[in-house]
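# Residue-level structure breakdown
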Amino acid sequence: MIQRKSEREIALMIEAGKLLASIHRKLATMIKPGITTLEINDFVEKTMNKYGATPAQKGFRGYEFATCASINDEICHGFPRSEKLIEGDIVTVDFVVDLNGGLADSAWTYPVGNITDDIKQLNNVTRDSLYKGIEAAVAGNRVGDIGAAIQEFIDPYGYGIVRDFAGHGIGPTIHEQPNIPHYGQKGKGLRLKEGMVITIEPMINIGGWQSKMDDNGWTARTQDGTLSTQYEHTLVITNGKPIITTDQEQEGLIDL
């Protein structure tokens, strides 16, 4: 069942989003050659706990960490580990904040030191495609309008749009209906309604779209070994411009 959220629920999710966005803004200054994704994970969890929140994905279907940290060809659900990041890597950090029952979910791909121009373009295009999808996420439109907006923007670059993972509804648990693919046809799919809360999270590969699963049963990576990027926001559907709860430029963020 797809649940439209009450004003109280949305208010809680907005507050969770502010904490999450504050953490991501801090990560942008922390992620450099030599840091490990376990160190990133520990910082994220400790910061959540400091502000009265918990990592919602820890324990979800047996997942053991507060974050997913996906490096280079890893598409999503990479395990944090003690391997040091090196110059030229990219790492996607994805996590869900639970603050007083309000949930927020956002992923961001970070460069590690200097990256090549083609990777910069992949990063920028993926991030821009997220906002193209958000523009289409208004009440009265359909799920397919979001995917079509992203696909129309991505296709001229020749990048692969991951098919095996999608955005989703969120609240009261971290994965709810509906699924939000990042490709599709305008006018197709479920109609969006005011009060729905969803994530849009395009995962874009510099090569083919196909993925394969690691033996750990969680980590997906590109089948051809090429790099993958992901950007994700949580947003509230309204009759006009959606509310991006995880916006890193919003007012009221914490200076960590």
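Located above this text is the structure these notes cover.
## Observations concerning the overall build of the chain
Counting secondary structure elements, the chain contains four helices and 15 strands. Considering only C-alpha atoms, the chain reaches an extent of 45 × 45 × 35 Å along its principal axes. Nonlocal contacts in the chain, meaning residues at least 24 apart in sequence, comprise 70% of its contacts between residues at least 6 apart. Here the chain carries 25 positive and 34 negative side-chain charges, and the mean point of each set is 4 Å from the other.

## A look at the packing of aromatic side chains
Counted according to the given criterion, the structure contains seven aromatic pairs. On the numbers, 5.4 Å between centres and 50 degrees between planes, the contact of Phe65 with Phe79 is tilted. Here Phe65 is found in the loop between strand E1 (54-55) and strand E2 (68-71), whereas its partner Phe79 is found in the loop between strand E3 (74-76) and strand E4 (90-99), with 14 residues between them in sequence. Among the residues examined, Phe65 registers a relative accessible area of 15% and is labelled buried. Residue Phe79 is classed as partly exposed on the basis of its relative accessible area, which comes to 25%.

## Thoughts on the sheet that holds E3
The sheet built from three strands is open, its strands ordered E3-E12-E11 with antiparallel pairing. What marks the edges here is a single partner per strand, and that holds for E3 and strand E11 (211-213). Geometrically, the sheet is characterised by an average inter-axis angle of 40 degrees between neighbouring strands, direction not taken into account. Pairing geometry for E11 and strand E12 (residues 220-222), over three bridges, is antiparallel.

## A few points about the state of the cysteines
For the coordinates displayed, the defined rule picks out zero disulfides. This cysteine, Cys68, is not joined by any disulfide, and Cys76 carries the nearest cysteine sulfur, 7.5 Å off.

## Quick look at the side chain of Glu176
Tracing the sequence through the fold places Glu176 in strand E8 (residues 176-180). Although Glu176 is buried, it forms no salt bridge, and the closest oppositely charged side chain is Lys5 at an N-O distance of 6.6 Å. Here the side chain of Glu176 touches Thr173 through a polar contact of 2.4 Å, side chain to side chain. Those residues in contact with Glu176 that sit more than four places away from it in its chain are His168, Gly169, Ile170 and Gly171.

## Focus on helix H2 (residues 37-50)
Given a rise of 1.5 Å per residue, 14 residues ought to cover 20 Å, and the 20 Å separating the end C-alpha atoms of H2 matches this to within 8%. Of the residues making up H2, those classed as buried are Thr37, Ile40, Asn41, Val44, Glu45, Thr47 and Met48. Taken around the axis of H2, the buried residues stretch over an arc of 165 degrees, which confines them to a single face. What points out from H2, more than 90 degrees from its buried face, is the exposed set Lys46 and Lys50. Contact partners of the buried residues in H2: helix H1 (7-30), E1, E2 and E4. One or two positions beyond H2, positive phi appears at Gly52, with a value near 80 degrees.

So, how was this worked out
- Residues numbered from 1 in each chain as written.
- Predicted model: local features only at pLDDT ≥ 70, side-chain atom pairs only at ≥ 80, totals over all residues.
- Heavy atoms only, no water.
- Helix = DSSP H or I, 4+ residues; strand = E, 2+ residues; numbered from the N terminus.
- Contact = heavy atoms within 4.5 Å.
- Lys, Arg positive; Asp, Glu negative; His and termini not counted.
- Charge placed at Lys NZ, Arg CZ, Asp CG, Glu CD.
- Phe/Tyr/Trp six-rings, centres within 6.5 Å; stacked < 30°, edge-to-face > 60°.
- Buried < 20%, exposed > 50% of the residue type's maximum accessible area, 1.4 Å probe, protein only.
- Pairing = 2+ DSSP bridges.
- Axes fitted to C-alpha atoms, helices over the stretch in contact; angles between N-to-C directions.
- Disulfide = S-S within 2.5 Å.
- Salt bridge = Lys/Arg side-chain N within 4 Å of Asp/Glu carboxyl O.
- Polar contact = N/O pair within 3.5 Å; in protein donor to acceptor, adjacent residues only side chain to side chain.
- Expected span 1.5 Å × (residues − 1).
- Arc of directions from axis to C-beta.

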